[in-house]
Amino acid sequence: MTILNLLIKPSKNLNGSITIPADKSITHRAIILAALQNKTILIKNWLQSLDCLRTLYAIESMGIKAEQVNANDIVIYGNGLNGLQAPSILLDLGNSGTALRLLTGVLCAQKFSTKLTGDSSLTKRPMGRVIQPLQLMGADIAAHQENFAPLIINPVTKLKSINYTLKIASAQVKSAILLADLYAQRRSQINEIVATRNHTELMLDYLYNNSHHDKSITIPGDLSAAAFFIVAATITPGADLCMPNIGINPTRSACIEILKMMGADITISTIALHNNEPSAEIRVKHAKLHGITIPVELVPNAIDEFPILAIAAACATGTTLFRGAKELRFKESDRLAAIAAGLRTCGIIVQEFVDGLQINGGVLSGGTIDSFGDHRIAMAFAVAGLVAQQPIMVQNTQNIATSFPDFVAVAQSAGFDIRAI
Ligand code: S3P
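Note that the structure is a prediction, hence the values are computed from the model and not measured.

### A word on the sheet that holds strand β4 (residues 65-68)
Read from one edge of the open sheet, 4 strands run β4-β5-β3-β12, paired in mixed fashion. Two strands in the sheet have a free side with no partner beyond their single neighbour: β4 and β12 (217-218). As paired elements, strand β3 (residues 40-44) and strand β5 (residues 74-77) share 4 bridges and run antiparallel to each other. What sits directly across from I43, in β5, is I74.

### Here's the deal with the side chain of R329
Here R329 shows up in the loop between β16 (319-322) and α10 (335-345). At 2.9 Å, the side chain of R329 forms a polar contact with the backbone oxygen of V354.

### Re the packing of helix α1 (residues 24-35) against helix α3 (residues 97-107)
Direction vectors running N to C along α1 and α3 enclose 25 degrees, while the axes themselves pass 11 Å from each other. Taken together, α1 and α3 sit at an angle that is classed as roughly parallel. At the point where α1 passes α3, the crossing takes the right-handed sense. Between α1 and α3, the contacting residues are H28, R29 and I32 on the first element and T98, A99, L102, L103 and V106 on the second.

### Thoughts on the site of the ligand
Close contacts around the ligand come from S25, R29, T98, R101, A169, S170, A171, Q172, R197, I303, D304 and K331, and that covers them all. Measuring from an oxygen atom of the ligand, one finds a side-chain N or O atom of S25 at 2.7 Å. Between an oxygen atom of the ligand and a main-chain N or O atom of Q172, the distance comes to 3.0 Å. Here the ligand, which alone exposes 390 Å², has 95% of that area covered by the protein.

### What about the domain arrangement of the protein chain?
Domain assignment breaks the protein chain into domain 1 (5-22 + 221-420) and domain 2 (24-218). Spacing between the C-alpha centres of domain 1 and domain 2 amounts to 28 Å. Each partner contributes to the interface: domain 1 provides 28 residues, whereas domain 2 provides 30 residues. Summed over both partners, the interface of domain 1 with domain 2 buries about 2,400 Å², with 48% contributed by carbon and sulfur atoms. When the area that domain 1 buries against domain 2 is broken down by residue, the three leading residues are A22, N275 and T402, summing to 24%. The interface formed by domain 1 and domain 2 contains 3 salt bridges. Of the charged contacts, one joins E327 and R129 as a salt bridge, the two residues approaching to 2.8 Å between their closest N and O atoms. Counting across the interface, domain 1 meets domain 2 through 16 residue pairs in polar contact (both at pLDDT 80 or more). Tallied by class, residues from the side of domain 1 that touches domain 2 come to 8 nonpolar, 11 polar and 9 charged.

Conventions and cut-offs
- Residues numbered from 1 in each chain as written.
- Predicted model: local features only at pLDDT ≥ 70, side-chain atom pairs only at ≥ 80, totals over all residues.
- Heavy atoms only, no water.
- Pairing = 2+ DSSP bridges.
- Helix = DSSP H or I, 4+ residues; strand = E, 2+ residues; numbered from the N terminus.
- Polar contact = N/O pair within 3.5 Å; in protein donor to acceptor, adjacent residues only side chain to side chain.
- Axes fitted to C-alpha atoms, helices over the stretch in contact; angles between N-to-C directions.
- Parallel < 35°, antiparallel > 145°, perpendicular 65-115°, else oblique.
- Left-handed = near helix turned anticlockwise from the far one by under 90°.
- Contact = heavy atoms within 4.5 Å.
- Near = heavy atom within 4 Å.
- Areas by Shrake-Rupley, 256 points an atom, 1.4 Å probe, with all protein chains shown as cover.
- Domains from an automatic or database assignment.
- Buried area = accessible area lost by both parts, 1.4 Å probe.
- Salt bridge = Lys/Arg side-chain N within 4 Å of Asp/Glu carboxyl O.
- Nonpolar A, V, L, I, M, F, W, Y, C, P; charged D, E, K, R; others polar.

Structure representation (structure tokens):
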């Protein structure tokens, strides 16, 4: 893949309404669960990003037909719980942890073997967390050092349900168990110490427990993508940005609560509900932020937003502290290290802990930032470029396309002075 760098210069006019792409987490689940239905499912407004395309390609490689019916909608011809066929290829899930972990839950219940892998980031991320509970259900999964892709999954005669307490707050682990449990009479009980995003439960409930005849799935805009623009508008003087149709599932929306605690001016209106998922219009105006200690119980529900929350913290007066976020070390990059390095390049004082950061708000100087090939680190520092004294160049940003292929165009439409170089 061609290396892409982004150059962002201070910008002033962040105004108007922008379209945020569809939710990544919900799109993965919609594709996988649609493939397992006994009927055709229309998925409206799906996210056509590299990560979701990997999930779609994996499903198509197992004999499921899919048809793009117009610019934003796709039809998946579900073939029932036992309708997948052995793929003739290695399933390469690219950069996507969600794709790899959720599909492992489905594939350990099939009557054929599969081999799953990913890119240089994904093959370094821990998979033992999904393998262990699935093995308790009876699955046969082999992994490099029992923890890393490639995974080799072999068929077993039967899976059994389990009563399992999640050792780490992970919706991907929970979802892998729930998907495997479709093949074990849906009797497993999963106990969470902290509630993680519940998109899988809501979609299972929608598809299996209600009697609606229209089984189309409508995907709201991605709050994790919107968060970059929520912070962009908050830190840019004079900004007033509107984002219609953003998912505001309460198990995902802690970033809004955190930013409001810091003083952000965020208004939520026009709430709608589609396939159990709430969505709303989010309007953000510039506001002065102050540092806070982020309550530890909010961390899992804002886990993907810490790169951009760190930029908000750097622009706030005073100190922001968050702990209990060790999971950030196991994302597409070690996000605690990546955020600390990037902020220090911009002249911000940061103290790094094993499970968090303390960020002293200040003035961002600008400079050249390594995104470590991580989409959210890249987009977070692009936002920092709005208010830095000098331009910010973010390197190695091509993986933005894993979650937000049109980021540069949307940022330009919002008023960013941003271009690829
Ligand atoms: C996701 C869950 C989270 C999140 C990831 C998407 C999901 O990961 O970081 O971007 O779609 O279930 P964990 O559940 O591993 O924390």
